Amino acid sequence: MAAPPPQTTTSSPAAGRLGFAYALPESLPGFDIAAAQNRLGGNGRLLADLLRAFATEHGGSATDVEGLLREGKPATAAAALHRVKGAARIVGAQAVAEAAQMLEDDVRHGRIADITVFADALSDAVHAIRRYVAAAPAAKPAGAVSAHKS
């Protein structure tokens, strides 16, 4: 049995930016990609993975929050908004984070909550991720060896 191919890892921010830039556009409307990459040590592959996960895990959050508010569960809705806000900040989705913060404040303080701005920002972010990040082709980092033989 052949030995598995060596795995290489690096903690170099430059390696993350250069080796995995394939999956990230320079900018996305409503996002601060540069700040998100810096927060993640320059690891573009990780950011691309987190953006995809954000779209999958939080894409339906506006509908969920709206349902919780309709059911008279403002504390649960506020907690859901808080989670979305935190995840949005990690991936650089500034417009979503700001909209979630405003809606969370309204809900927590018993003010009339209009979910429209949050829902629109989230929808725009998810569409941008799906269009520019999720559809990006996967590429192996330089020096990677394929385990599949032809």
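Calculation notes
Residues numbered from 1 in each chain as written. Predicted model: local features only at pLDDT ≥ 70, side-chain atom pairs only at ≥ 80, totals over all residues. Heavy atoms only, no water. Helix = DSSP H or I, 4+ residues; strand = E, 2+ residues; numbered from the N terminus. Buried < 20%, exposed > 50% of the residue type's maximum accessible area, 1.4 Å probe, protein only. Areas by Shrake-Rupley, 256 points an atom, 1.4 Å probe, with all protein chains shown as cover. Expected span 1.5 Å × (residues − 1). Arc of directions from axis to C-beta. Contact = heavy atoms within 4.5 Å. Salt bridge = Lys/Arg side-chain N within 4 Å of Asp/Glu carboxyl O.

### Regarding the overall build of the chain
Within the chain, the secondary structure is distributed over seven helices and zero strands. The helix and strand sequence of the chain, counted from the amino end, reads α-α-α-α-α-α-α. Looking at the chain as a whole, 35% of its 150 residues qualify as buried. By element, 55% of the accessible surface of the chain is carried by carbon and sulfur atoms, the whole surface being about 9100 Å².

### Description of helix α7 (residues 116-132)
Here α7 is 17 residues long and its end C-alpha atoms lie 24 Å apart, about the 24 Å a rise of 1.5 Å per residue gives. The complete set of buried residues in α7 reads Phe118, Ala121, Leu122, Ala125, Val126, Ala128 and Ile129. The arc that holds every buried residue of α7, seen down its axis, measures 160 degrees, which confines them to one face. Pointing more than 90 degrees away from the buried face of α7 are the exposed residues Asp124, His127 and Arg131.

### Side note on the side chain of lysine 85
Locating lysine 85 in the fold gives a position in helix α5 (residues 74-91). A relative accessible area of 7% means that lysine 85 is categorised as buried. Leaving out residues up to four positions away in the same chain, lysine 85 has contacts with Ala97, Ala100, Gln101 and Glu104.

### Focus on the side chain of glutamate 104
Counting through the fold element by element, glutamate 104 comes out in helix α6 (residues 94-108). Here glutamate 104 is in contact with Ala78, Leu81, His82 and Lys85, once residues within four sequence places are set aside.

### A word on the pattern of salt bridges
By the definition in use, this model includes five salt bridges. Between glutamate 104 and lysine 85 there is a salt bridge; the shortest N-O distance is 3.0 Å. Of this pair, glutamate 104 sits in helix α6 while lysine 85 sits in helix α5, and the two are 19 residues apart along the sequence. The burial state of glutamate 104 is the same as that of lysine 85; both residues are buried. Among the salt bridges present, the one from aspartate 106 reaches arginine 111, with a minimum N-O distance of 2.9 Å. Given a relative accessible area of 21%, aspartate 106 falls into the partly exposed group. According to the relative accessible area criterion, arginine 111 is partly exposed, its value standing at 44%. A cluster of three or more residues bridged by salt bridges with shared partners is formed by Lys85, Glu104 and Arg108.

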